[in-house]
Amino acid sequence: MDLQLNGKKALVSGSTKGIGLAIATALAREGARVVINGRDDDSLAAARERIKSALPNASVEGFNGDLSQAGEVDRLRQQVPSLDILVNNLGIYEPKPFEEISDEEWRRFFEVNVLSGIRLARAYLPGMKEQNWGRVLFISSESGIQIPAEMIHYGMTKTAQLAVSRGLAETCAGTRVTVNAILPGPTHTAGVDGFVAKLSGGKSFADFEKEFFQTVRPASLLKRFATPEEVANLAVYVCSTLSSATNGAALRVDGGVVRACF
């Protein structure tokens, strides 16, 4: 299937590993000119090399900067004045008891997970509307509708992303610009390895995974962690020209862990 993305300019925030890197790679595979983002030159170089080794003809450039900071978004605009596709993937998470989450941590999670996407959309959405084509995608989470007790601050930010996404879509009515969110479920990324190390009590990953889907996410129909590539498949379709009738939506790629049909 031709997703008609050849030559489109795309930015994926927080894309040196995990879901972000998988989305950037999939966009490059479809012919998009991709800007990847990270906070150090080594990780950017490694991510670019991974994409180029898989796709030698890919167009990939990097932006080194913390896009949770307003000044870095301004600097990005100088390097990349316009975009066709914006994927707001930048995010952090950490399991922590509610009583131990400080005001500073609540603010940090909101700044990184929510305000980064708001600032980037504010920077690039007007240009998309002016050219009458664009795609904005927020990488939310099933944790936005099933708030995890072990990281309530994270769940709060994922719910906020859904509100922002839907609200921005309303501002694009009658245009060929769409704004959507996708909701991955538990996904096996490098960050999840750290999460597992904190909660596993020394168990192997395979043993932890089995127990996790028996006790913590028993509603999962997949019964395993998804791969970043499985999430990227949906993300890239939503970014494509073929998804023109999908707007203001929250689309689940959660392995069936949310016990609802919509």
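Rules behind the numbers
- Counting restarts for each chain, with residues numbered from 1 along the sequence as it is written.
- Confidence filtering applies because this is a predicted model: local features only for residues at pLDDT of at least 70, side-chain atom pairs given and counted only at 80 or more, and all residues used for totals across whole chains, interfaces and linings.
- Side-chain measures were taken over the full set of non-hydrogen atoms in the model, leaving aside hydrogen atoms and water.
- Residues enter patches when they are more than 30% accessible in relative terms and free of salt bridges; like-charged ones are connected within 9 Å and nonpolar ones (Val, Leu, Ile, Met, Phe, Trp, Tyr) within 5 Å.
- Accessible surface is estimated by sampling points in the Shrake-Rupley manner with a 1.4 Å probe; for residues, cover comes only from the protein chains shown.
- Salt bridge, as applied in this entry: a Lys or Arg side-chain nitrogen positioned within 4 Å of an Asp or Glu carboxyl oxygen.
- A helix here means a DSSP run of H or I that spans at least four residues, while a strand means a run of E at least two residues long, and both kinds are numbered starting from the N terminus.
- When DSSP locates at least two bridges between a pair of strands, those strands are taken to pair.
- Helix axes use the C-alpha atoms of the stretch in contact, all axes being lines fitted to C-alpha atoms, and the angles between their N-to-C directions lie in the range 0 to 180 degrees.
- Here, two residues are considered to be in contact whenever any of their heavy atoms come within 4.5 Å of each other.
- Two aromatic rings from Phe, Tyr or Trp, using only the six-membered ring of Trp, form a pair when their centres are within 6.5 Å; if the ring planes differ by under 30 degrees the pair is stacked, by over 60 it is edge-to-face, and anything between is tilted.
- Remark: exposure states derive from per-residue accessible area (1.4 Å probe, protein chains only) relative to the maximum for the residue type, with buried under 20%, exposed over 50%, and partly exposed in between.
- Throughout this description, the term charge over a ring refers to an Arg CZ or Lys NZ atom that lies within 6 Å of the ring centre and within 35 degrees of the ring normal.

Q: Before we move on, could you go through a nonpolar patch on the surface and cite the residues and values that matter?
A: Side chains of Met1, Tyr237 and Leu242 sit close together on the surface and give an oily, nonpolar patch of about 330 Å² of accessible area. Summarising the element assignment, Tyr237 is placed in helix α8 (residues 228-238).

Q: Lay out the sheet that holds strand β6 (residues 177-184) in plain terms, naming residues and giving numbers.
A: A sheet is described by the order of its strands in space; here seven strands give the open sequence β3-β2-β1-β4-β5-β6-β7, paired in parallel fashion. Two strands bound the open sheet, and with one partner strand each, they are β3 (59-64) and β7 (250-253). Across the sheet, the axes of successive neighbouring strands diverge by a mean angle of 20 degrees, strand direction being ignored. Bridge count for strand β1 (residues 9-12) against strand β2 (residues 33-38) is four bridges, and the pairing is parallel. Counterpart to Leu11 in the pairing with β2 is Val35. Packing of helix α2 (residues 41-54) onto the sheet brings it into contact with β2 and β3, and relative to β3 it is tilted by some 170 degrees. Packed onto the sheet, helix α3 (residues 70-79) meets β1 and β3 and runs at close to 145 degrees relative to β3.

Q: Now, about the packing of aromatic side chains: what can you tell me, with residues and values included?
A: For any two aromatic rings, the description comes down to two numbers: the centre-to-centre distance and the angle of the planes. Tallied over the full model, the rule gives seven aromatic pairs. For the pair Phe205 and Phe225, a centre-to-centre distance of 5.5 Å together with 40 degrees between the ring planes defines the contact as tilted. Remark: Phe225 occurs in the loop between α7 (205-216) and α8 and Phe205 occurs in helix α7; sequence separation between them is 20 residues. Owing to a relative accessible area of 5%, Phe225 belongs among the buried residues under this scheme. Connected via pairs of aromatic rings, a cluster forms that spans Phe205, Phe208, Phe212, Phe213 and Phe225. Over the face of the ring belonging to Trp133 we find Lys8, whose NZ or CZ atom lies 4.0 Å from the ring centre. Here Arg77 stacks its cationic end above the ring of Tyr124, 5.4 Å away from the centre of that ring.

Q: Can you lay out the pattern of salt bridges for me, pointing to particular residues and giving the numbers?
A: Within this structure, the stated rule accounts for 11 salt bridges. With its nearest N and O atoms 2.6 Å apart, the salt bridge here joins Glu61 to Lys9. In this pair, Glu61 is assigned in strand β3 and Lys9 in strand β1, connecting sequence segments 52 residues apart. Residue Glu61 is classed as partly exposed on the basis of its relative accessible area, which comes to 28%. Accessibility expressed as a relative area gives 14% for Lys9, which makes it buried. Between Glu170 and Arg166 there is a salt bridge, and its shortest N-O distance comes to 2.7 Å. Taken together, the positions of Glu170 and Arg166, both in helix α5 (residues 152-171) and four residues apart, correspond to about one turn of that helix.

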